[in-house]
Amino acid sequence: MTTGLLAAVAGLGLGLSLIVAIGAQNAFVLRQGLRVEHVPAVVAVCAVSDAVLILAGVAGNSWLSTRLPDAITVVRLAGAAFLLGYAVLAARRALRPSSIAVDTGGRGTGLAATVVTCLALTWLNPHVYLDTVLLLGSVADSHGDRRWWFAGGAVVGSLVWFGALGYGARLLRPLFARPAAWRVLDAGIAVVMAVLGLGLLASAL
């Protein structure tokens, strides 16, 4: 295996390790996959956003944390507000699971609203900048001239993960034909987002 491919494999491994952990973005992709609702758009938004952030980090755009430290605080506050608001909505759905349309023929959230929510969950999360841009970018630099191989591996890892999460979730769809399963899922999403939101709020204050 060439050194370039080794760097790509290293990027793939680190990229997956940073995005596989359960978080607000993954919870949203999972829910959209279970509903079979705008999955291509959601997967594309997440994968392309990750690719942009990865390339920005490798290109050395980590100046945000060093030259504009106040910007990190603003992003954290905005992200906390969004996550806590989404947690409230998920909790309301958990209390009223019958209001969730499991049937793909039912009326769901519009494409524009889904894309905006997905973009907000991605770009208003400061952990994305700290992990994907700063951490991944700094590790890529250690590979010298092969840092773009590393970046390529990380981008592939992101695409594989979001694709598997979005399209693979439909295999669990028979389970979620029952309102009780949706209640558990939305309750879990509410807890995850509330914890993340409170964590961001605490770190900003």
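Report follows, based on the coordinates. Just so we're clear, the structure is a prediction, and the values are computed from it rather than from any experiment.

Some points on the environment of alanine 87
Residue position: alanine 87 is located in helix α5 (residues 69–95). In this structure alanine 87 comes out as buried when scored by relative accessible area, which is 7%. Between the C-alpha atoms of alanine 87 and valine 192, which are 105 residues apart in sequence, the distance is 7.9 Å. Alanine 87 has contacts with Ala190, Met193 and Ala194, leaving out every residue within four places of it along the chain.

Comments concerning the packing of helix α2 (residues 24–35) against helix α8 (residues 147–168)
Put simply, α2 and α8 touch, their axes get as near as 7 Å, and they point 40° apart. Accordingly, the angle class assigned to the pair α2 and α8 is oblique. Here Gln25, Asn26, Val29, Leu30 and Gly33 of α2 come into contact with α8, specifically with Trp161, Phe162, Leu165 and Gly166. In the contact of α2 with α8, the residues fall into five nonpolar, four polar and no charged.

Regarding the environment of alanine 169
Mapped onto the secondary structure, alanine 169 falls in the loop between α8 and α9 (179–204). On the basis of relative accessible area, alanine 169 is assigned to the buried category, the value being 4%. Placed 140 residues apart in sequence, alanine 169 and valine 29 show a C-alpha to C-alpha distance of 8.9 Å. Those residues within four positions of alanine 169 in sequence are excluded, and the remaining contacts are Leu30, Gly33, Leu34 and Ala164.

With respect to a nonpolar patch on the surface
A contiguous nonpolar patch, built from Leu12, Val156 and Val160 and spanning about 230 Å² of accessible area, is present on the exposed surface. Here leucine 12 is to be found in helix α1 (residues 3–19).

Side note on the nonpolar core
Counting 25 residues, the largest nonpolar core has Ile189 and Met193 as its most contacted members. Elements supplying a minimum of two residues to this core: α2, α3 (39–58), α5, α6 (111–123), α8 and α9. Those residues in contact with isoleucine 189 that lie beyond four places of it in its chain are Ala27, Arg31, Tyr86 and Ala90. Membership of the second largest hydrophobic core comes to eight residues, among which are Val58, Ala140, Phe150 and Ala151.

A few points about α2
Here α2 spans 17 Å end to end across 12 residues, near enough to the 16 Å set by a 1.5 Å rise per residue. Taking burial as the measure, the 12 residues of α2 include 11 buried ones, the bulk of the element. Inspection of α2 places Ala24, Gln25, Asn26, Ala27, Phe28, Val29, Arg31, Gln32, Gly33, Leu34 and Arg35 among the buried residues, and these make up the whole buried set. Looking one or two residues beyond α2, the residue adopting positive phi is valine 36, at roughly 55°.

Some details on the state of the cysteines
For the structure shown, the criterion picks out zero disulfides. Cysteine 118 provides the cysteine sulfur closest to cysteine 46, a residue in no disulfide bond, and the two sulfurs are 3.4 Å apart.

A closer look at unusual backbone geometry
Of note in the backbone geometry, valine 36 takes a positive phi value of approximately 55° without being a glycine. Locating valine 36 in the fold gives a position in the loop between α2 and α3. Despite not being glycine, histidine 38 has its phi angle at roughly 55°, a positive value. Within the element layout of this structure, histidine 38 appears in the loop between α2 and α3.

Conventions we followed
- Along each chain, residues carry numbers from 1 onward, in the same order as the chain's sequence is written.
- Confidence filtering applies because this is a predicted model: local features only for residues at pLDDT of at least 70, side-chain atom pairs given and counted only at 80 or more, and all residues used for totals across whole chains, interfaces and linings.
- As a rule here, side-chain values cover all heavy atoms of the structure and leave hydrogens and water aside.
- Counting from the N terminus, the helices are the DSSP runs of H or I reaching at least four residues and the strands are the DSSP runs of E reaching at least two.
- Whether a residue is buried, partly exposed or exposed follows from its accessible area with a 1.4 Å probe, protein chains only, as a fraction of its type maximum: under 20%, in between, or over 50%, in that order.
- We call two residues in contact whenever any of their non-hydrogen atoms come within 4.5 Å of each other.
- Every angle, taken between N-to-C directions, lies between 0 and 180 degrees, and every axis is a line fitted to C-alpha atoms, over only the stretch in contact when it is a helix.
- The labels follow the angle: roughly parallel below 35 degrees, roughly antiparallel above 145, roughly perpendicular from 65 to 115, and oblique for the rest.
- Only Asp, Glu, Lys and Arg are considered charged in this grouping, and only Ala, Val, Leu, Ile, Met, Phe, Trp, Tyr, Cys and Pro are considered nonpolar; every other residue, Gly among them, is considered polar.
- Residues enter patches when their relative accessible area tops 30% and they take part in no salt bridge; the joining distance is 9 Å for like charges and 5 Å for the nonpolar side chains Val, Leu, Ile, Met, Phe, Trp and Tyr.
- Every accessible area reported is derived by Shrake-Rupley at a probe size of 1.4 Å, with residue values counting cover from the shown protein chains alone.
- Just to be clear on terms, a salt bridge is a Lys or Arg side-chain nitrogen sitting within 4 Å of an Asp or Glu carboxyl oxygen.
- The definition of a nonpolar core used throughout is a set of buried Ala, Val, Leu, Ile, Met, Phe, Trp, Tyr and Cys residues joined through side-chain atoms within 4.5 Å.
- Helix span, as expected, comes to 1.5 Å for every residue beyond the first.
- What counts as a disulfide here is a pair of cysteine sulfur atoms lying within 2.5 Å.

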